[in-house]
Every structure is written in structure tokens, then in C-alpha cells.
Number of protein chains: 2
Amino acid sequence: MKYPKGVIPPKEIALKKKVRITKKGTEANRGMVFEADINSSNDYYLKIDRALISKRPTPINVVKVDYSNGAKITQAYFEKQSTTDYNGVYRGKYLDFEAKSTQSTTSFPLHNIAPQQVEHLERVIRHNGIAFFLINFALLNLTYLLPAQYICVFYREKPRKSIPLSAIKEHGILIKEGILPRYEYLDAVDQYYFPSK
Amino acid sequence: MKYPKGVIPPKEIALKKKVRITKKGTEANRGMVFEADINSSNDYYLKIDRALISKRPTPINVVKVDYSNGAKITQAYFEKQSTTDYNGVYRGKYLDFEAKSTQSTTSFPLHNIAPQQVEHLERVIRHNGIAFFLINFALLNLTYLLPAQYICVFYREKPRKSIPLSAIKEHGILIKEGILPRYEYLDAVDQYYFPSK
């Protein structure tokens, strides 16, 4: 794969981050590759000036800073993101989403979603923003945009502990994959949220 | 001042953060109080469900993590924000702004603005988002919303090294101050961007 100048190949980004080797190691890895692919898609959208979407930095709780030589943080802890990972502007509208990868081949488990993320997405909907999940079925090579409306109701009513793939196919939109962008998810946004464009 | 449950008084937030004592100490302090006041205004807007606006976490470059007992960051550095400090959704629109405090009583010095922030705001404007600066004249107790359109042109053409207060008065909107919210800046957003509402 050839990437234009300035676009860092997603796998390189993923490799730069240190992943702990645990039972969930492979799953975490896939999640990072998917995240890096979404980041590179956003870089591409920025480059062609189609949208301005960025990943929120992981919040870090800084405890100690050593000022003896510049400002060096010597004790800090990762905090859980209380919102979603991505937000930005597209066609004037506020856009907000979470990107998740699953190894399941049949459904998207709700334990991937934090209660405060559901609250956050419900707020975005109330303020007429565009809110969704990008759900990647890593073993199937299938990625869907699923509107947050559907997810929030499912999460609140909890008819099941996971959203069946069949329901995601019915209520979501399949995302085209390619090289640049890796995930053409704004086409899915157009199809669902701007049907006249 | 009485704050309702859940709203942390801005000065407490400012006091929690450690400020280095330097020549610029007082200015940094004022900047932090202003930032804390904007954060508390946003908390209030969230509470009354008027808008969903949040501060981007300061990006931190994590160099070393000790995994011997949980994940403890042992070496990291603050990075410069390459965008603005705040973004969110209001009336369905994407909203993006920077909040700055100055001790000048006559003008807003352009050195408070980073070139990449101007680029970022120009992008927001191109994608039809709402973009502005909140400029606080600390010694005058005056705070203005100044549309990014004006700032970006001024920054590019640089007729002067600072934007005169008189120009800010002419092209910006004075923000009402009170207790809750401390800065009623969404009224200024309404006045400028949603004149019919």
C-alpha cells in the first residue's frame, strides 16, 4: 500500500503503541488497528477538505510534574473516556461517534459500550447532532455505521446482551473499504443523514 | 457565591491545579481562572441541557508506562494543543472556540494565537461550523465573543500586532456576566449566529 506524504500508515501507528500481552491481547490489537484505520481515514478527509474530525486525546490524570528541567510528568494515570472517541464538523453539522471492533461473528456485545457513552450520545441526539457507532466485525471484514438512536434504545431496553449482526445489517449501513480512505464512512453518513445530497 | 450540587466553583478548580511561580505567574493565574469560569459555564449549560460543549483534554505524549502495578505513567510531556480548547454542539451546529484572557487594557495581542489554531478555525468556517474566540480583558472585567472570521483575516493580513479593543467592541459582542452561568456566552452566540431565534 502506498500512502501519500503526511499520512502515516495505520499499522505503523498501531505498532508504535505498546500493547500488553494478555489474554485479550489479540482483541486489543485488532481494536488498535481499527482505530488507526479510522484515524488515517480522518487524516485523509482533512487533506481533501471533506470534513474536520478528530480523535479526542485520552484524558490523563497528572499527579506529579518535575519542573527541574522543563515540565516532565513523572506520575500520571490514564482515565476512562467519559464521552466518545471522535467528534468534529461535517456539512455544518456536529458529528460524534465511537469506533469499536469485535471478534464476534454474530453480534456486537453491549459490554463494549459504557453507560456514560450512551448518556453522551443521547445528549448529542437531543441537540440535533449526528451520532453513531462504527462497528467493525474484524473476523468477517465487515464494518457498519449504526445510528446511535438505535443503539441507545437497545441499550436502555436491553432485550439481549448483544446486538445481533442481522439487526445491524437491517438498521445500519455497510461501509465501503479501500485504500484511501481505508473506511469511506462519510458516504454512509451522507446516505443516512443527508439523503438528498 | 452558592453553587448548586455538582458544579465545582471555578476558583477551586483553579486552585487544584499547580501553577508555577514565574514572572508570568499572575497572567497564567488569571488565564486559569477564566478557563475555569468557562468550564463551569459549560457544566451549567450541560445541566440545563442547553448545549453540549467540552474542553479538549491537553494532549500528553506518554513515553514510559510502568505496568508492574496497574498502568502508571512514569514519563510523559505536555504537548501543545494543535486546535482550539473547546468544541461541541449547539442547536445542531458544530461550535468551536478558544478562550483567552489578556492583561492588556487596550488590545488583544496576536501572540496569544498559534498559527495552527488559525488554520483550524479557517477549516471550521469552511465546513460551516461556528467558530470564535472568547476574549477576556481581565483588568477591565470585559469579555467579548469575537467571530473567528474577523480574527483569521486580521491574523493573515496583520495590519497590527494586536487587535485594538475598539475593533473588538465594533466587531464582537459583549458577554453578560453573572453567577450561573459565570459567562452567558451562548446568548452572544444566539445574537450573532442565530439572529432569528
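Structure shown above.
Residues numbered from 1 in each chain as written. Chains lettered and ligands numbered in written order. Predicted model: local features only at pLDDT ≥ 70, side-chain atom pairs only at ≥ 80, totals over all residues. Heavy atoms only, no water.

Draft legend 1. Summary view of the overall build of chain A. Secondary structure assignment for chain A yields six helices and ten strands. A buried classification covers 50% of the 197 residues belonging to chain A. In the form shown here, chain A has an accessible surface area of approximately 9900 Å², with 51% of it arising from carbon and sulfur atoms. (Helix = DSSP H or I, 4+ residues; strand = E, 2+ residues; numbered from the N terminus. Buried < 20%, exposed > 50% of the residue type's maximum accessible area, 1.4 Å probe, protein only. Areas by Shrake-Rupley, 256 points an atom, 1.4 Å probe, with all protein chains shown as cover.)

Draft legend 2. Structural view of the packing of helix α3 (residues 115-126) of chain B against helix α4 (residues 148-157) of chain B. Residue and element names in this part refer to chain B. Between α3 and α4, the least distance of the axes is 10 Å, while the angle of their chain directions is 135°. Judged by the inter-axis angle, α3 sits oblique to α4. The handedness of the crossing between α3 and α4 is left-handed. From α3, Pro115, Val118, Glu119, Leu121, Glu122 and Ile125 reach across to α4, where they touch Ala148, Gln149, Cys152, Tyr155 and Arg156. (Axes fitted to C-alpha atoms, helices over the stretch in contact; angles between N-to-C directions. Parallel < 35°, antiparallel > 145°, perpendicular 65-115°, else oblique. Left-handed = near helix turned anticlockwise from the far one by under 90°. Contact = heavy atoms within 4.5 Å.)

Draft legend 3. Representation of the side chain of Asp85(A). Here Asp85(A) is to be found in the loop between β3 (72-78) and β4 (86-90). Look at Asp85(A): it is buried, it has no salt bridge, and the nearest opposite charge is Lys55(A) at 4.3 Å. (Lys, Arg positive; Asp, Glu negative; His and termini not counted. Salt bridge = Lys/Arg side-chain N within 4 Å of Asp/Glu carboxyl O.)

Draft legend 4. Expanded view of the nonpolar core. Counting residues in each nonpolar core, the largest one holds 48 residues, and the members touching the most others are Ile113(A), Ile163(A), Ile168(A), Ile113(B), Ile163(B) and Ile168(B). Excluding anything up to four places from it in sequence, Ile113(A) contacts Phe108(A), Val118(A), Phe133(A), Ile151(A) and Tyr155(A). (Core = buried A, V, L, I, M, F, W, Y, C linked by side-chain atoms within 4.5 Å.)

Draft legend 5. Molecular detail of the relation of the copies chain A and chain B. For the pair chain A and chain B, the relating rotation is 180°, the translation along its axis is 0.0 Å, and the fit reaches an RMSD of 0.0 Å. Such values leave the two copies arranged in the relation of a two-fold axis. By residue overlap, the copies meet face to face through one surface: 100% of the interface positions of chain A are interface positions in chain B. (Least-squares fit on C-alpha atoms with pLDDT ≥ 70 in both.)

Draft legend 6. Layout of the interface of chain A and chain B. Each side of the interface is counted separately: chain A has 36 residues, and chain B has 36 residues. In total, about 3300 Å² of surface goes out of reach between chain A and chain B, with carbon and sulfur atoms giving 62% of it. Taken together, the connections running from chain A to chain B amount to two salt bridges. Across the pair Arg126(A) and Asp49(B) runs a salt bridge whose closest N-O atoms are separated by 2.6 Å. Viewed at the interface, chain B and chain A are joined by eleven residue pairs in polar contact (both at pLDDT 80 or more). Among the elements of the structure, β2 (60-66), β3, β4, β5 (93-102) and α3 (115-126) of chain A are those that each provide at least two residues to the side of chain A that touches chain B. (Buried area = accessible area lost by both parts, 1.4 Å probe. Polar contact = N/O pair within 3.5 Å; in protein donor to acceptor, adjacent residues only side chain to side chain.)

Draft legend 7. View of the side chain of Asn42(A). Residues and elements named next belong to chain A. If you trace the backbone, Asn42 turns up in helix α2 (residues 25-47). Owing to a relative accessible area of 4%, Asn42 belongs among the buried residues under this scheme. Apart from residues lying up to four places away in sequence, Asn42 is in contact with Ile53, Tyr86 and Tyr185.

Draft legend 8. Fine view of unusual backbone geometry. Residue and element names in this part refer to chain A. For the bond from Leu180 to Pro181, the omega torsion is -5°, close enough to zero to count as cis. Inspection of the secondary structure assignment puts Pro181 in the loop between β10 (173-174) and α6 (185-193). A positive phi is found at Asp49, a non-glycine position, where the angle reads about 60°. Non-glycine residue Lys158 carries a positive phi angle of around 40°. Turning to its location among the elements, Lys158 is positioned in the loop between α4 (148-157) and β9 (162-164). Take Lys158: its relative accessible area is 43%, and that puts it in the partly exposed class.

Draft legend 9. Broad picture of the sheet that holds strand β2 (residues 60-66) of chain B. Pairing is antiparallel in the open sheet, where four strands are placed in the order β2(A)-β3(A)-β3(B)-β2(B). The sheet terminates laterally at β2 of chain A together with β2 of chain B, the two strands that pair on one side only. Going from strand to strand, the sheet's axes swing by 35° on average, the running direction of each strand aside. One ladder, built from six bridges, connects β2(B) with strand β3 (residues 72-78) of chain B; its direction is antiparallel. (Pairing = 2+ DSSP bridges.)

Draft legend 10. Representation of the environment of Asn69(A). Along the chain, Asn69(A) turns up in the loop between β2 and β3. Residues Asn69(A) and Thr105(A), 36 residues apart in the sequence, show an inter-C-alpha distance of 51 Å.

Note that every value here comes from positions in space, so none of it alone points to a role or purpose.
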